[in-house]
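A look at the structure
In case you want the letters, here they are:
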Amino acid sequence: MAYRRIEVNQPSWNTVLVRRKLSGVLAELETLSKNLWWCWNDSARELFKSIDPDAWAAADENPILMLDRIPRSKYKSLEADTEFLSRLEKVSKEFKQYMALKAERKDPSIAYFCMEYGLDTSLKIYSGGLGILAGDYLKETSDMNVNLVAVGLLYRYGYFTQMLSAYGDQVSKYDAQDFLKTPAQPVMDENGNWLTVTVGFPGRPLHARIWKVEVGRTDLYLLDTDYEDNLPEDRSVTHHLYGGDWENRLKQELLLGVGGIRTLRKLGLNPQVYHCNEGHAAFIGLERMNEYINKEGLNFEEALEVVRASSLFTTHTPVPAGHDAFDDSLLGKYIGHYPHRLGVDWETMMSLGKINPYDRNEKFSMSILAANISQEVNGVSWLHGEVSKEILNKMWPGYLKDELHVSYVTNGVHYPTWCAPEWKVVHEKVFGEDFKTHHYDKSCFDGIYKVSDEKVWSVRTTLKTKLIDNIKERLSDPIAASHYSPRQVVTIKDTLRDDVLTIGFARRFATYKRAHLLFRDLDRLAEIVNNPERPVQFIFAGKAHPADKAGQDLIKRIVEISKQDRFIGKIIFVPNYDITLAKKLVQGVDVWMNNPTRPLEASGTSGEKASMNGVMHFSVLDGWWVEGYKKGAGWALPMERTYEDQNYQDELDAATIYGIIENEIAPAFYNVRKSTGRSEEWIEFIKNTIAQVACNFTTNRMLTDYVNQYYAPESVRVGKLCENNYAEARAIAEWKRHMRAEWSGIEVLSVNRPDSTIDWETKEDSGACLAEVVLNLRNVKPEEIGIELLIASINRKGNYHIDEKCELQVVSNEPGRTVYSASMQPSRAGFYQVALRMYAKHPLMPHRQDFELVRWL
């Protein structure tokens, strides 16, 4: 009997979202996972890891993602696990006590703007040093309870994941972030609607959603354009960090600056001080001026006084080409309406970002804009401060580089993030009670000298073993080890040892960082790594920008060399350098190496992270290491260049590196006493590094410097300017307008300079430089004009350096004739350059570069 075939219809599937909702005591896990406090507090990290170590690792240590993957049955067992619940209660109590202090935050209040933040691998909105620094800074503001709010962008694809081909070519892989699996949370209004801001673009508005990331007590607000209210070309504005063409970069910076200010206002926030961390966010100045002009009734000059008095610009870039700049035509397309809002013409607005606003070929510099709308400007190390003076010197042509108000705050690193848990246990016992409060004297780091040699050696050995094991585990993944063959991976695992001197080099692969330097003489290098008594192994990691072919070629070259028989397992490149890998490296290697072309390293912080863990720094004296180097606590290449030819200099520096490793570093490491199995000499290096170096380069010291040097003074000054309906700001702006109108009319009647030869004697009244200037001031008061005598010397590069200066005093004042006079005795004999300078002065100006009126006489 034949059966009739019955037709079966197609299945009807519909999507169902199953959301995790923890209740009862486990609800605290939800709270902890959404505040990044967990990522720098070991008790919270260990709590999440203990739930399921394998799931924790599979989720890349992202608690939100891990909690989504945990089956219901596991939660049931946790609810019955009294030991786990006890630890959860303890961590939750610690967190709540920490967060309760947020209500005690005091002035000054600060708004902080940056393009990237490196907080944790679970939030991929960073690419390198700038972001990591900003992330550490936010964590420190939380720990020190400083009243700061931060603003940035939320990138859909963030920065790339690095993979390597079999030939060592870098492959950039972009993975879309699922924002619901990150610590970013939508910001809603009282009606449950998502808060958004808009920025005017040509012919349409750009809409951005507001997200909030809780970084302990500090709130970070992020803007995202990737949703249906925007055109496709505008949705991609926040797709990639530093992605796209110059037009997209301008869109991003307008969103960060203009949109960032509007975000704060939408949230009801009006901080006292505004910190522009790099020039990317400089449009905050234009938008704030727009507010003062159109909401407070100030004019352009008055608004600029208030904005300048409450703004700080930190530059991180050591080369002129690294500063963003845009064509007039592109700016006209996007901010052509702003001059009307500000009540000025196009050239006046352009003067904020150009040396010559009438030069259509000169690009509008975001760094010049940031410096012009900020009362204070700083570099990120002493040396970088000096370099920044040179880069920005053209903004103030009446002054020499050494006179500029541009200063510095040397970068630091967040101790709780980068210091290994094993070291924290040791430090807690010897650094004192104040250290736990985040308000301490750096001398507490001297407590490391109380720790036994045995304990120090044990911690360092443990950390290096963990690093070596981690690298072997990483190379077990065929995808991560795709640049090595299976046979090479086996050889590496067999060769890599935890009892060998291990030197780390990990950072962004840019040519100026000279990763190639170690490979100038491969035969010499082979002798070093294969020394039978004192072997050395090198671990490399780092990404090159996708557009940086030269940087990618460096990576490929290192991979090729690492495959040679004489180097296999002794020189290793570990791909996909990120925060997680960075922690392992700075905690586990013995020496951290850095050899940039001086002075192109603005600061650098990876070596600072290493020093927290007793890892010695070996570097060119550049960036932070100029201030950090101490004999007996690391090694340094000379500060001064020997050759102008960079190739010759590289050859010399390479030879110096080989010599220091062979003759100083390796002998100290292997100088092991047989009876103890330890090197007392090396332990002394470790203790000195922690006590004498690490103590100076924490974000604790860095944030204290920012508060004392900038935030507190600026908040006081801007407060005074704004009192009584901005009376003081209006008065200063009016005085400057008056002085500009009268400046060209001031007539120099006579100038008497010092004689060309001065006989200097020890007698009190001999050898004086005499100077007299007679002016017809017309409508200017004598006290509004400063005249000074400068004595300068010239260095071998032809640059002037002011040795002494003396202000001339008014000795007589009659209608149409004011006489200024002074005499000064040079402190030393020699050839000097002598000049006289006239400038406008006012007691309410914060510094001389606050006003452009200067004339050499």
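Placed above this text is the structure.
Notes on the structure in this doc start here. (Residues numbered from 1 in each chain as written. Predicted model: local features only at pLDDT ≥ 70, side-chain atom pairs only at ≥ 80, totals over all residues. Heavy atoms only, no water.)

**So, the packing of aromatic side chains**
Cut-off, in case you're wondering: Only rings of Phe, Tyr and Trp enter the pairing, Trp through its six-membered ring, and a pair is recorded when the two centres are within 6.5 Å. The plane angle decides the type: under 30 degrees is stacked, over 60 is edge-to-face, the rest tilted. Comment: elements are numbered from the N terminus, with helices defined as DSSP H or I runs of at least four residues and strands as E runs of at least two. Here's how the labels work: a residue is buried when its accessible area is under 20% of the maximum for its type, exposed when over 50%, partly exposed in between, all with a 1.4 Å probe on protein chains only.
Taken as a whole and judged by the stated rule, the model has 35 aromatic pairs. With centroids separated by 5.1 Å and ring planes inclined at 55 degrees, the aromatic side chains of Trp37 and Phe95 adopt a geometry described as tilted. With Trp37 in the loop between helix H1 (27-33) and helix H2 (42-51) and Phe95 in helix H6 (residues 82-100), the pair connects residues that are 58 residues apart, well separated along the chain. One exposure class covers both Trp37 and Phe95, and it is buried. Where Tyr137 meets Tyr706, the ring centres are 5.6 Å apart and the plane angle is 75 degrees; that geometry is what we call edge-to-face. With Tyr137 in helix H7 (residues 129-143) and Tyr706 in helix H29 (residues 699-743), this residue pair connects regions lying 569 residues apart in the sequence. Across the pair, exposure class does not vary: Tyr137 and Tyr706 are buried alike. A connected cluster of aromatic rings, assembled from ring pairs, spans Tyr112, Tyr117, Tyr137, Tyr706, Tyr710 and Tyr711.

**A few points about the nonpolar core**
How we decide: Throughout, nonpolar core names a set of buried Ala, Val, Leu, Ile, Met, Phe, Trp, Tyr and Cys residues whose side chains join them through atoms within 4.5 Å. Should any heavy atoms of two residues lie within 4.5 Å, those residues are considered in contact.
In terms of nonpolar packing, the biggest core is built from 138 residues, with Leu29, Tyr112, Phe113, Tyr117, Phe283 and Tyr711 touching the most fellow members. Among the elements that make up this core, the one with the highest residue count is H29 (10 residues). Residues within four places of Phe113 in sequence aside, it is in contact with Val151, Leu256, Gly260, Ile261, Leu264, Tyr274, His275, Cys276, Asn277, Ala281 and Ile284. Counting 97 residues, the second largest nonpolar core, distinct from the first, contains Cys444, Phe567, Tyr577 and Ala691.

**Remarks on the packing of helix H20 (residues 453-475) against helix H24 (residues 579-588)**
Note the following rule: Axis definition: a line fitted to C-alpha atoms, over the contacting stretch in the case of helices. Angles run 0 to 180 degrees between N-to-C directions. Reported orientations rely on four angle classes, namely roughly parallel under 35 degrees, roughly antiparallel over 145, roughly perpendicular from 65 to 115, and oblique for the rest. By convention, the crossing between two helices is left-handed when the near helix turns anticlockwise from the far helix through less than a right angle, and right-handed when the turn is clockwise.
The contact between H20 and H24 brings their axes to 8 Å, and the two run at 140 degrees. One finds that H20 runs oblique with respect to H24. When you trace H20 past H24, the crossing you get is left-handed. Residues Arg460, Leu463, Lys464, Leu467, Asn470 and Arg474 of H20 touch H24, and the partners they reach there are Thr580, Leu581, Lys584, Leu585, Gln587 and Gly588.

**Focus: the pairing of strand S19 (residues 616-620)**
Put simply, the rule reads: Any two strands between which DSSP finds at least two bridges are classified as paired. If the strands point away from the viewer and the path from the first strand over the helix to the second runs clockwise, then the crossover is right-handed.
The buried fraction of S19 amounts to five of the five residues, a majority that puts the element mostly inside the structure. Pairing analysis gives four bridges linking strand S18 (residues 591-594) to S19, with the strands arranged parallel. Across the sheet, residue Asn594 finds its bridge partner in S19, namely Ser619. What joins S18 to S19 is helix H25 (residues 606-612), and the crossover it makes is right-handed.

**A short note on the side chain of Asp653**
By the secondary structure assignment, Asp653 is in helix H27 (residues 646-669). Residues within four places of Asp653 in sequence aside, it is in contact with Arg514, Leu517 and Leu637.

**Some thoughts on the sheet that holds S19**
The sheet built from six strands is open, its strands ordered S17-S16-S15-S18-S19-S20 with parallel pairing. Only two strands of the sheet have a single neighbouring strand rather than two, namely strand S17 (571-573) and strand S20 (634-637). In this sheet, adjacent strand axes meet at a mean angle of 20 degrees when their direction is disregarded. The strands that H24 touches are strand S15 (501-506), strand S16 (536-541) and S18; relative to S16, the one it contacts most, it runs at about 160 degrees.

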